[in-house]
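# Coordinate inspection notes
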Amino acid sequence: MNQEVANTPRARVQVPHPYLCLMGLYLGGFAGMYSETALNIALPQLSQAFGVGVALVQWLVVGYMLAIGIVLPFSSLLMKWFSARKITLFALGSFFVGSLISAGAGSFEMCLAGRVIQGVGTGLVLPLMFAMVLEVIPPHKIGTAMGMNALIIMSASAVGTTLAGVIIAALSWRWVFLSFAIILLIGMVFTVRFLVNPYELTRPHIDAVSVLTSVLGFGGIVLGMGLSSLCGWTSAIVVCSLVVGVASLVVYARRQLKLEVPVVDLRVFAVPGFRAGALCVMLNFGVILSALYILPQFYQNSMLLAVGLAGMLMLPGGIVNAIVSMLAGRVYDRIGARIPALIGFGLTIVAVVLLLTAGPAVPVPFVVACHVLMMVGIPLAMSPCQTHALSSLPPRYSSDGSTMLNTLQQVFGAVSTALATFLLSVGQASSLAGGSGSVQAFAQGSHWGLTFSLVLAVLAFVVALRLKKGPAAKDVSAESADFAQAPFAAKLADLMQSEVYALRESDSVLDALRLFSDKRISGAPVLDEKGGLAGFISDGDIIGALSRQDPTVSFYAVVTDPDKGDFSSKLEALRGITVGQLATKSVVSVDLSARMTDVCTLLSQRHLKKMPVLKDGRVVGVINRSDITGYAVTRYIELGA
């Protein structure tokens, strides 16, 4: 038994209680997704309270997702500038403040402003939640942990309407926003107490053009789609927003592929497994947001049920959703993503088709049953597809993959909600023009919107056919672009650390010690005045300098010697020594084009922990032994060795 424990793969960052470490992010993610769907049932009350129409009040949903879509692409970059704890506390804090603003709003504009601030918080929490799982959860439990993520997201999305309906019936819509604040306050306590900081803060250069094109691209598309139901597709503002959005995204994508340190590394899309999984997630998220946007309003405006009862009728589906989400991750760990995804999308298609037959006089249990069936299908596909996408990526792309997956998911969710609103309005107007009453007209409009959900579910089923068969451990071994024809055919550029911490020859040894301590590294290349490689200095070189000052004792004897002043004087003497004087001049380096077998040979024969990687004579990265061993362990795990 002890041998099994010893051989069990460990998490990249080991913490005593991984799920307590993630709890602050879990609560933030729950609040974010709860907030995303809770207002669906409150829209009629909010429309009446602020005196605005359906096309405008839906911006409390679309505007929230617009803010998420704008912020999300920068989360990966922010993780390299600020600690996970600081980002999480800022995200939960901004969400908390935004919730209080909306709760106390006296006008639609003030409520919308609060919603946008809430979106900023959610946009930072969601990708960090997925990325942290890959850091603190052991590889053989990642599927289950991703299932927990899906449970939080999907249950919050499904139960949000029930909770909001009960709160509105018992109190008022303002307490819906206050309920967000209570959850976030608890999340901040867990974050301060348990969250760790697993990422190295490299603080790369922030490209202004990337920031601008990202905001214009993702924001323009969501803005154009959101305004379509209010202004019409042919209006100047809608057309201009969509054109600017698409053009900006093209510029953004091309620039990311050229930058040495992109805001988001779009090479994640070179991995077929990530592409297929991400597309399934996007389509599935579009289905749930469009369907759950329409269904609560169908209960109220077509079946004429009270808001509290409508919320309670959403509860059975929410409970089933929570159970299936919890089990879906374990299913992935055993059989992979393809089978549960196909079954899930198939059940969703059946449920939506049945809902398309529902009218104002349909029995309530029929609609509830359709919702329950949908809440079996959607989570059954969601978690396996998410895990399939992220597990297909090499470790160095995990944060970029998480950021991109969540960005596309939220942007597509906002677009889906906007299109569902547009189709609902058009279908309702068409029915009213034909002489139907308001109840029947809303039912027809709901059918138009649900037809869009059906199209998304069918497309998702087709894409799911491209997911790899087999158990999770072998699911991605041959799909990653890093492995080309063979599972272990990785390139040096994929494994090296591209963010190089270098020192100048004129820097002091104290500067080197500070760099090693701040960045938690053991060595760094030394550059000359022209930026060329002049040497390499490690903590071993500095330790060697200390020991050479008194060759009769080792370094360990010095630091344990009660004569602290003697050791202090030796450290003080290092202040006058430059890095250039102490660095090893005959540096073993490797060219970027070298084969990995050659790299391993050099590291082994020269007994090196790391080597600088050169391109055209300049340092472009550092390859570590740990990068190679970590990669090898991951591949063996994925191959089921």
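Residues numbered from 1 in each chain as written. Predicted model: local features only at pLDDT ≥ 70, side-chain atom pairs only at ≥ 80, totals over all residues. Heavy atoms only, no water.

Before going further, it helps to examine the overall build of the protein. Within the protein one finds 26 helices and six strands. When each of the 641 residues of the protein is scored for burial, the buried share is 55%. Within the structure as shown, the protein displays about 25,800 Å² of accessible surface, and the carbon and sulfur contribution to it stands at 65%. (Helix = DSSP H or I, 4+ residues; strand = E, 2+ residues; numbered from the N terminus. Buried < 20%, exposed > 50% of the residue type's maximum accessible area, 1.4 Å probe, protein only. Areas by Shrake-Rupley, 256 points an atom, 1.4 Å probe, with all protein chains shown as cover.)

In the contact formed by helix H12 (residues 272–301) and helix H16 (residues 364–391), the axes pass within 8 Å of each other and the chain directions differ by 155°. Compared by their axis directions, H12 and H16 come out roughly antiparallel. Our pair here, H12 against H16, has a crossing hand that is left-handed. Class assignment of the residues belonging to the contact of H12 with H16 gives a composition of 22 nonpolar, six polar and no charged. (Axes fitted to C-alpha atoms, helices over the stretch in contact; angles between N-to-C directions. Parallel < 35°, antiparallel > 145°, perpendicular 65-115°, else oblique. Left-handed = near helix turned anticlockwise from the far one by under 90°. Nonpolar A, V, L, I, M, F, W, Y, C, P; charged D, E, K, R; others polar.)

Given a rise of 1.5 Å per residue, 21 residues ought to cover 30 Å, and the 31 Å separating the end C-alpha atoms of helix H9 (residues 174–194) matches this to within 8%. Within the sequence span of H9, burial applies to Val176, Phe177, Ser179, Phe180, Ala181, Ile183, Leu184, Gly187, Met188 and Thr191. (Expected span 1.5 Å × (residues − 1).)

All chains considered together, the criterion is met by eleven aromatic pairs. Their ring planes at 65° and their centres at 5.4 Å tell us that Phe50 and Trp173 sit as a pair that is edge-to-face. In this pair, Phe50 is assigned in helix H2 (residues 18–50) and Trp173 in the loop between helix H8 (142–170) and H9, connecting sequence segments 123 residues apart. Residue classification places Phe50 among the buried positions, given a relative accessible area of 15%. Its relative accessible area of 11% is what places Trp173 among the buried residues. Judged by centre distance (6.1 Å) and plane angle (75°), the ring pair of Phe218 and Tyr252 falls under edge-to-face. Of this pair, Phe218 sits in helix H10 (residues 208–231) while Tyr252 is found in helix H11 (residues 236–258), placing the two residues 34 residues apart along the sequence. Looking at Phe218, the relative accessible area reads 5%, which means it is buried. The buried category is assigned to Tyr252, whose relative accessible area is 3%. Linked through ring pairs, Phe30, Tyr34, Phe50, Tyr64, Phe95, Phe108, Trp173, Phe177 and Phe180 together constitute an aromatic cluster. Its end group placed over the ring of Tyr64, Arg115 keeps NZ or CZ at 4.2 Å from the ring centre. (Phe/Tyr/Trp six-rings, centres within 6.5 Å; stacked < 30°, edge-to-face > 60°. Lys NZ or Arg CZ within 6 Å of the ring centre and 35° of its normal.)

Glancing now at empty space enclosed by the protein. For the structure on display, the rule yields one cavity of 30 Å³ or more. There is about 60 Å³ of room inside the largest cavity. What lines the largest cavity is Ile294, Leu295, Phe298, Leu355, Ala358, Ser446, His447 and Leu450. (1 Å grid on protein atoms, 1.4 Å probe; cavity = no way out; pocket = protein on both sides within 12 Å on 5 of 7 lines; lining within 4 Å. Points joined across faces, edges and corners; volume = space filled by probe spheres on them.)

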